[in-house]
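# Inside the fold
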Amino acid sequence: METESKGPVAAEIEKRLMEALAPTSLNVINDSAIHRGHAGDDGSGESHFTVEITCEAFEGQSRLNRQRMVNKALGDLMHDKVHAMAIKAKAPGE
């Protein structure tokens, strides 16, 4: 798991995913800098993310269901704080 200093939105993403899905691997990457000035850039520096997550709960689930599980765990963050998120969700061994 990534241990670098994170902004408040990235830290909240990590916290919610850890609590809801207990991943074996989690990497929350802030992609906001490459979207500066684009639609959805709110100037906070925390609007665009990539989440790389490996979780036993994803075993046997479709790609769409895995993304739904991540979105459900993040709840209101997806509407209130995050403009865009790429989700790379895998089961262990994939």
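Scroll up to find the structure this text is about.
Below or above, wherever it landed, is the structure these notes cover. (Residues numbered from 1 in each chain as written. Predicted model: local features only at pLDDT ≥ 70, side-chain atom pairs only at ≥ 80, totals over all residues. Heavy atoms only, no water.)

### Considerations on the sheet that holds strand S1 (residues 25-30)
Adjacent strands of a sheet pair through backbone hydrogen bonds, lying either parallel or antiparallel. The sheet built from three strands is open, its strands ordered S1-S2-S3 with mixed pairing. With partners counted over all chains shown, the strands left at the sheet margins are S1 and strand S3 (84-90), one partner each. The average angle at which neighbouring strand axes cross in this sheet is 10°, direction not considered. Strand direction decides the pairing type here: S1 and strand S2 (residues 48-54), joined by six bridges, are antiparallel. Bridge pairing links leucine 26 to isoleucine 53 in S2. Contacts from helix H1 (residues 8-21) reach S1, S2 and S3, with the element oriented near 25° to S2. In the packing of helix H2 (residues 63-74) onto the sheet, the strands contacted are S2 and S3, and the crossing angle to S3 comes to about 125°. (Pairing = 2+ DSSP bridges. Helix = DSSP H or I, 4+ residues; strand = E, 2+ residues; numbered from the N terminus. Axes fitted to C-alpha atoms, helices over the stretch in contact; angles between N-to-C directions. Contact = heavy atoms within 4.5 Å.)

### Some words on the pairing of S3
Alternating residues of S3 divide into Met85, Ile87 and Ala89, all buried, and Ala84, Ala86, Lys88 and Lys90, none buried. Sheet topology places S2 next to S3; seven bridges connect them, and they run parallel. Note that in S3 the partner of isoleucine 53 across the bridge is alanine 89. (Buried < 20%, exposed > 50% of the residue type's maximum accessible area, 1.4 Å probe, protein only.)

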